[in-house]
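# Chains, contacts and geometry: an overview
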Amino acid sequence: MSLYYKSTRNSKLRVTASEAILKGLASDGGLFVPEELPKLDRAVEDMKGMNYQEIAYIVMKQFFTDFTEEELKSCIHHAYDSKFDTEEIAPLVKADGMYYLELFHGATIAFKDMALSILPYLMTTAAKKNHVDQKIVILTATSGDTGKAALAGFADVEGTQMIVFYPKNGVSKVQERQMVTQKGGNVNVVAIHGNFDDAQNGVKAMFENKELEKELAEHGYRFSSANSINIGRLIPQVVYYVYAYVKLLEYGEAAQGEKINVAVPTGNFGNILAAYYAKQMGVPMDRFICASNENKVLYDFFETGSYDRNREFMLTTSPSMDILISSNLERLLYLALGEDSEKTKELMTELKSKGKYTVTEEVKERLADFAAGYATEEETEETIRALYDRTGYVIDTHTAVASYVCSQYKKSEKDNGKYLVAATASPYKFAKSVMAAIDGNYETADEFELLEKLQEVSGVEMPQAIKEILDADILHDTECGVDQMERTVRTILRSKEE
Ligand SMILES: *Cc1c(COP(=O)(O)O)cnc(C)c1O
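Summarised in this report is the structure supplied together with it. (Residues numbered from 1 in each chain as written. Predicted model: local features only at pLDDT ≥ 70, side-chain atom pairs only at ≥ 80, totals over all residues. Heavy atoms only, no water.)

## Some remarks on the overall build of the chain
A count of helical and extended segments in the chain gives 21 helices and 16 strands. Scaling as 2.2 N^0.38, a compact globule of 498 residues should have a C-alpha radius of gyration of about 23 Å, and the chain matches this with 21 Å. Summarising its shape, the C-alpha atoms of the chain cover approximately 60 × 50 × 45 Å along the three principal directions. Expressed as a percentage of the 498 residues in the chain, the buried residues total 60%. Intrachain contacts of the chain at a sequence separation of at least 6 include 75% that bridge at least 24 residues. When the accessible surface of the chain is summed, it comes to about 19,300 Å², and 44% of that surface belongs to carbon and sulfur atoms. Side-chain charges in the chain split into 55 positive and 77 negative, and the spacing between the mean points of these groups amounts to 4 Å. (Helix = DSSP H or I, 4+ residues; strand = E, 2+ residues; numbered from the N terminus. Rg over C-alpha atoms; globule rule 2.2 N^0.38 Å. Buried < 20%, exposed > 50% of the residue type's maximum accessible area, 1.4 Å probe, protein only. Contact = heavy atoms within 4.5 Å. Areas by Shrake-Rupley, 256 points an atom, 1.4 Å probe, with all protein chains shown as cover. Lys, Arg positive; Asp, Glu negative; His and termini not counted. Charge placed at Lys NZ, Arg CZ, Asp CG, Glu CD.)

Here it is in structure tokens:
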């Protein structure tokens, strides 16, 4: 059975999985969605004892139907190998009554590795399948973690050229160092004088620019995206929710058929949407707790039915969630609108022109699987400190946002069910904020000095990803204004031709 994908803004646009992965974004600016959300072809309890790679295959084959078994298995085995520092790939840690699903054991110690370690393989396989002989230029906007994970994934992958844009003052010191030290003949890193939304808008505009597309094609290039708007990012993220549930069963922590709640620190809405897809596939899940930081545009949306980006952009200690335009929400909205692509397009056009849209009460009711909350900077800090004091377990700022919102939900709903919290980054990636939360005396210390301290405090060995950037050379120092992104891309590509 073949599964096709269509654009959220034009249901007549119908492509295969490999075409959707290659394109990234539909040419009408919409996002690719499967025509139907597939079910797992076996019961979750029958997957007990399986490893990550086996479960990955069971999930992904339902979505990527035009890949052969051999191709898909090869992608999976190249992706989920010793780049991860544990064979479990995504271990579960029980602390203070919640299950933390640690998604940060890959090469760049954030959850983006879960999908970006496989995307280059999916994309190059897709290119072969579709007889694409142009060089694929991967344009990526990053709030800090996607950039490094994409760079690591695509470095020196033949037939690809990678350009990452990050907000100059919007990422942590460790995140920035990770990116500007990236090796590889096909990678470029550009700091923009703007925030993440500016970076993402700039990249989207280039995708929609037909003239630029034509010009690039003449030089043997085509664009694709490594952002979570690419379906090749989203689907690999469904895997770890299925895996987590299977492990809860296997460890006797959940009873057969018992529904669990999932709390996700949310920015672009990719991770939490993947959890929702897992439920549609048949994993027993109850509600999805969407956790925001002080950029609480999603919280307001779920509370009121109005999405309104007209507000101040806050820089927080959880920078990977400093986002006001949450791209993947479009995929959920499309479902809630009864897969009405005209209506979706209308709302997205409103978002673009007015910065805001409102859904009807009926549509809002279809989103009842989602609960939302947010954590202030103080609440985030307090959560890290309290959890550490009680259990010795150290979590990063993003995970802390979800942990806080999850415990608030638990209290207010008096729901004593099981809670899975997506732990999206290693505390090492945000060492300064994490250490300052644990002990205020660290407030003024240097971020890099604190890495050693964090090792003492957490008892968790410093990851390889941190060790290797400590004295690595700075290889990238390009900066540009928000309105110069297209020019920068042209300059980079031209320099490659010489
Ligand atoms: C990207 C990121 C998030 C947000 O995930 P989305 O899929 O964009 O909602 C949360 N935490 C960390 C550490 C991230 O890197």
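## Things to note about the packing of helix α2 (residues 52-63) against helix α3 (residues 69-79)
What describes two packed helices is the angle between their axes and the distance between those same axes. At a minimum axis distance of 10 Å, the contact between α2 and α3 shows a crossing angle of 135°. The angle between α2 and α3 places the two elements in the oblique class. Our pair here, α2 against α3, has a crossing hand that is right-handed. Taken together, the residues of α3 that come into contact with α2 (itself represented by Q53, A56, Y57, M60 and K61) are E69, L72, K73, I76 and H77. Per-class residue counts for the contact of α2 with α3 are five nonpolar, two polar and three charged. (Axes fitted to C-alpha atoms, helices over the stretch in contact; angles between N-to-C directions. Parallel < 35°, antiparallel > 145°, perpendicular 65-115°, else oblique. Left-handed = near helix turned anticlockwise from the far one by under 90°. Nonpolar A, V, L, I, M, F, W, Y, C, P; charged D, E, K, R; others polar.)

## Some remarks on helix α17 (residues 397-413)
When the terminal C-alpha atoms of α17 are compared, their 24 Å separation across 17 residues agrees well with the 24 Å that a helix rising 1.5 Å per residue should span. Within the span of α17, buried status applies to T397, H398, T399, A400, V401, A402, S403, Y404, V405, C406 and Y409. Immediately beyond the C-terminal end of α17, within one or two residues, lies K414, with a positive phi of roughly 50°. (Expected span 1.5 Å × (residues − 1).)

## Details of the pairing of strand β10 (residues 260-265)
Most of β10 sits inside the fold, with six of its six residues counted as buried. Alternating residues of β10 divide into I260, V262 and V264 and N261, A263 and P265, and every residue in both groups is buried. In this structure, β10 lies alongside strand β11 (residues 285-292), joined through five bridges in parallel fashion. Looking at the pairing, A263 lines up with I289 of β11. Handedness of the β10-helix α11 (residues 270-281)-β11 crossover: right-handed. (Pairing = 2+ DSSP bridges. Right-handed = clockwise from strand over helix to strand, strands pointing away.)

## Overview of the layout of surface pockets
Rolled over the atoms, a probe with the dimensions of a water molecule shows which regions are left empty. As a volume, the largest pocket reaches approximately 550 Å³. Of all elements in the fold, only α6 (145-154) and α20 (464-467) reach the threshold of two or more residues within the lining of the largest pocket. Considering only residue class, the lining of the largest pocket consists of 14 nonpolar, nine polar and seven charged. Taken as a whole, the second largest pocket encloses approximately 430 Å³ of empty space. Residue assignment for the lining of the second largest pocket shows that the elements contributing at least two residues are α8 (196-208), α13 (329-336) and α14 (341-354). Element by element, the count of residues in the lining of the second largest pocket is highest for α14, at five residues. Classifying every residue of the lining of the second largest pocket gives seven nonpolar, five polar and seven charged. (1 Å grid on protein atoms, 1.4 Å probe; cavity = no way out; pocket = protein on both sides within 12 Å on 5 of 7 lines; lining within 4 Å. Points joined across faces, edges and corners; volume = space filled by probe spheres on them.)

## Let's talk about the site of the ligand
Near the ligand lie 15 residues; those nearest to it are K112, D145, G267, N268 and T424. In this structure, an oxygen atom belonging to the ligand sits 2.8 Å away from a main-chain N or O atom of N268. Between an oxygen atom of the ligand and a main-chain N or O atom of F269, the distance comes to 3.0 Å. Across the complex, the protein chains shield 98% of the 380 Å² of accessible surface that the ligand would expose by itself. In a pocket analysis with a 2 Å cut-off to the grid points, the ligand is assigned to the largest cavity. A class-by-class count of the residues in the shell around the ligand yields five nonpolar, eight polar and two charged. (Near = heavy atom within 4 Å. Polar contact = N/O pair within 3.5 Å; in protein donor to acceptor, adjacent residues only side chain to side chain. Sits in = over half its atoms within 2 Å of the grid points.)

## Examining the environment of Y243
Structurally, Y243 can be placed in helix α10 (residues 231-250). By relative accessible area, Y243 is classed as buried at 4%. Separated by 192 residues in sequence, Y243 and N51 have C-alpha atoms that sit 8.2 Å apart. Ignoring anything within four residues of it in the chain, the contact list for Y243 reads N51, Y52, I55, E88 and A90.

## Quick look at the sheet that holds strand β2 (residues 10-15)
Strand order in this open sheet of three strands is β2-β1-β3, and the pairing throughout is antiparallel. Each of the sheet's edge strands pairs with one partner strand only, and the pair in question is β2 and β3 (32-34). Across the sheet, the axes of successive neighbouring strands diverge by a mean angle of 40°, strand direction being ignored. Strand direction decides the pairing type here: strand β1 (residues 5-7) and β3, joined by three bridges, are antiparallel. When the sheet's bridge partners are listed, S7 is paired in β3 with F32.

## Observations concerning the packing of helix α12 (residues 297-304) against α13
Packing of α12 against α13 brings their axes to within 13 Å, and their N-to-C directions diverge by 10°. The angle between the axes of α12 and α13 places the two elements in the roughly parallel class. Facing α12, whose interface residues are L298, F301 and F302, α13 presents L329, L332 and L333. Partitioning the contact of α12 with α13 into residue classes produces six nonpolar, no polar and no charged.

## Here's the deal with α3
Those residues of α3 lying buried are L72, C75, I76 and A79. For α3, the angular spread of the buried residues around the axis is 95°, confining them to a single face. Contact partners of the buried residues in α3: α2 and α5 (119-129). (Arc of directions from axis to C-beta.)

## So, the packing of aromatic side chains
Going through the model one piece at a time under the given rule, you end up with 20 aromatic pairs. Ring centres of F302 and F370 lie 5.4 Å apart, and the angle between their planes is 15°; this geometry places the pair in the stacked category. On the criterion of sequence distance, the pair formed by F302 in helix α12 and F370 in strand β14 (residues 370-374) is long-range, its members being 68 residues apart. As far as burial versus exposure is concerned, F302 and F370 are alike and both buried. (Phe/Tyr/Trp six-rings, centres within 6.5 Å; stacked < 30°, edge-to-face > 60°.)

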